[in-house]
Amino acid sequence: MIRTILVMLAAVLSCNSYADGRWFEIEVIVFNQPADGSTETLRNEEADLSKYAFTKDLLTPAYLSTYTERCLSGEITASQRESSGIFTDNTIPHSNTCDFSVSDLAKESRLPIEVNVPEQEHTDTPYLLSPSQLQFTDKRADLARNGRTVILHTGWRFPGESKRNAPSYRLFGGNSVALSAQMDDTLQSNLTEQTSKDIVAHEFNTQNTFFENNQTTYNPVWELDGFLKVHLNHYLYITSNLITRHSGDTDTGVSSEFSQFRRVISGEIHYFDHPQIGMLVQIRRFNH
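Keep in mind that this is a model prediction, so the values were computed, not measured. (Residues numbered from 1 in each chain as written. Predicted model: local features only at pLDDT ≥ 70, side-chain atom pairs only at ≥ 80, totals over all residues. Heavy atoms only, no water.)

1. Describing the overall build of the protein
Next, step 1: Counting its regular elements, the protein contains five helices and 11 strands.
Next, step 2: Taken over 288 residues, the protein has a buried fraction of 49%.
Next, step 3: Within the protein, counting contacts between residues at least 6 apart in sequence, those at least 24 apart form 72% of the total.
Next, step 4: Accessible surface computed for the protein: about 14,100 Å², of which carbon and sulfur atoms make up 48%. (Helix = DSSP H or I, 4+ residues; strand = E, 2+ residues; numbered from the N terminus. Buried < 20%, exposed > 50% of the residue type's maximum accessible area, 1.4 Å probe, protein only. Contact = heavy atoms within 4.5 Å. Areas by Shrake-Rupley, 256 points an atom, 1.4 Å probe, with all protein chains shown as cover.)

2. A short note on the pattern of salt bridges
Next, step 1: Under the definition given, this model contains 12 salt bridges.
Next, step 2: For Glu27, the salt bridge identified is with Arg284, shortest N-O distance 3.0 Å. Here Glu27, found in strand β1 (residues 23-32), pairs with Arg284, found in strand β11 (residues 277-286); they are 257 residues apart in sequence, far enough to count as distant. Here Glu27 and Arg284 have matching classes, each one buried.
Next, step 3: Measuring nitrogen to oxygen at the nearest pair gives 3.9 Å for the salt bridge that ties Glu75 to Arg70.
Next, step 4: Taken together, the shared-partner salt bridges in this structure form one network comprising Glu25, Glu27, Glu121, Arg157 and Arg284. (Salt bridge = Lys/Arg side-chain N within 4 Å of Asp/Glu carboxyl O.)

3. Points about the state of the cysteines
Next, step 1: In total, this model carries one disulfide according to the counting rule given.
Next, step 2: Linked covalently through their sulfurs, Cys71 and Cys98 form a disulfide whose S-S length is 2.0 Å. Across the S-S bond of Cys71 and Cys98 the torsion is about -65°, and the bridge reads as left-handed. Of this pair, Cys71 sits in helix α2 (residues 59-72) while Cys98 sits in the loop between α3 (78-83) and β2 (127-128), and the two are 27 residues apart along the sequence. (Disulfide = S-S within 2.5 Å.)

4. What to know about empty space enclosed by the protein
Next, step 1: This model, assessed by the stated rule, comprises three cavities of 30 Å³ or more.
Next, step 2: Counted as a void, the second largest cavity has a volume near 40 Å³.
Next, step 3: Contributing to the lining of the second largest cavity are Trp156, Phe158, Pro159, Glu161, Ala166, Pro167, Tyr169 and Val230.
Next, step 4: Ranked by the residues each element gives to the lining of the second largest cavity, the list is headed by strand β3 (residues 149-159), at three residues.
Next, step 5: Along the lines of polarity and charge, the residues of the lining of the second largest cavity split into seven nonpolar, no polar and one charged. (1 Å grid on protein atoms, 1.4 Å probe; cavity = no way out; pocket = protein on both sides within 12 Å on 5 of 7 lines; lining within 4 Å. Points joined across faces, edges and corners; volume = space filled by probe spheres on them. Nonpolar A, V, L, I, M, F, W, Y, C, P; charged D, E, K, R; others polar.)

5. Brief notes about α2
Next, step 1: Taking 1.5 Å as the rise per residue, α2 with 14 residues should run 20 Å; its terminal C-alpha atoms sit 20 Å apart, in good agreement.
Next, step 2: With 10 of its 14 residues buried, α2 lies for the most part within the structure.
Next, step 3: Of the positions making up α2, those classed as buried are Leu59, Thr60, Pro61, Ala62, Tyr63, Leu64, Thr66, Tyr67, Thr68 and Cys71.
Next, step 4: Just past α2, the residue Gly74 takes up positive phi, approximately 90°. (Expected span 1.5 Å × (residues − 1).)

6. Some remarks on the sheet that holds β3
Next, step 1: The strand order β2-β3-β1-β11-β10 describes an open sheet built from five strands, whose pairing is antiparallel. Pairing within the sheet leaves two strands with one partner each, and these edge strands are β2 and β10 (269-272).
Next, step 2: Looking at chain direction, β1 and β11 are connected through 10 bridges and run antiparallel. Residue pairing across strands places Asn32 opposite Ile277, the latter belonging to β11.
Next, step 3: Where helix α4 (residues 137-145) meets the sheet, its contacts fall on β1, β3, β10 and β11, and the angle it forms with β1 comes to roughly 15°. (Pairing = 2+ DSSP bridges. Axes fitted to C-alpha atoms, helices over the stretch in contact; angles between N-to-C directions.)

7. Thoughts on the packing of aromatic side chains
Next, step 1: A full pass over the atoms with the stated rule returns seven aromatic pairs.
Next, step 2: Ring geometry for Tyr63 against Phe172: centres 5.1 Å apart, planes inclined by 75°, an arrangement best described as edge-to-face. You can see Tyr63 sitting in helix α2 and its partner Phe172 sitting in the loop between β4 (168-170) and β5 (173-180), a full 109 residues away along the chain. Like Tyr63, the residue Phe172 is buried in the burial classification.
Next, step 3: With centroids separated by 6.4 Å and ring planes inclined at 45°, the aromatic side chains of Phe172 and Trp222 adopt a geometry described as tilted. One end of the pair, Phe172, is in the loop between β4 and β5; the other, Trp222, is in strand β7 (residues 216-233), with 50 residues separating them in the sequence. Judged on exposure class, the residue Phe172 and its partner Trp222 are both buried.
Next, step 4: Three or more aromatic residues joined by ring pairs form one cluster here, namely Tyr63, Phe172 and Trp222.
Next, step 5: The ring centre of Phe172 lies 3.7 Å from the NZ or CZ of Arg170, which sits over that ring. (Phe/Tyr/Trp six-rings, centres within 6.5 Å; stacked < 30°, edge-to-face > 60°. Lys NZ or Arg CZ within 6 Å of the ring centre and 35° of its normal.)

Below, the structure written as structure tokens:
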């Protein structure tokens, strides 16, 4: 009887070897492809936004931290931030301090390519890499020389998990193309709940998770949005669903959709191609 139990336990542990405490770090660059003069359209006026719903948002609190740090250093001022966005809504309450809140993102015309977060070395919870921990500086220079415009350069550390348990990390950035008060309910609810949880964890003020004034909700619509997920099942697998929008695109009308699923090897740099955007990804073992 005891032997049978031990055999069954060994089988269970073997099946869940992906949750054996291994940690990884991922680095990602998303960039625009140069215009090729093609008249081909990739627009979708009725995109199913549920395919792009994320389960974890590390970037929103990091963007807020970045703006707060820039304000405290004098790079930007409270007065400048009130009028910096091309889609600024004067009914949204403004703050005269450097304590940036989620509502301030609605006043930004473009998000930073990199976020300023402190350097960390632990395996308590997933966290973003600091700029000093990113290793694609030369890749960004190569992309610029070849006419590519980087939208987002980021990375994070995370535990290897099964496909069922692995979170889908939100990737978003670039230009603000609109303010929408009627974004898809699934994406809006997802963002409201998860962003609130992550911002609380980072000790940010979340009295108004979205941009509420007189019962109106203002959601910035970004040039890039979606998620990237990594799961472990003997090998590493990447699933990424992204959408791009340009000025005039709102709600379900998107300029292009980018969906990828690929088995990858740690340490190798992988290139994901698309007519409008590209993505460089490297997953590295994090030895802790």
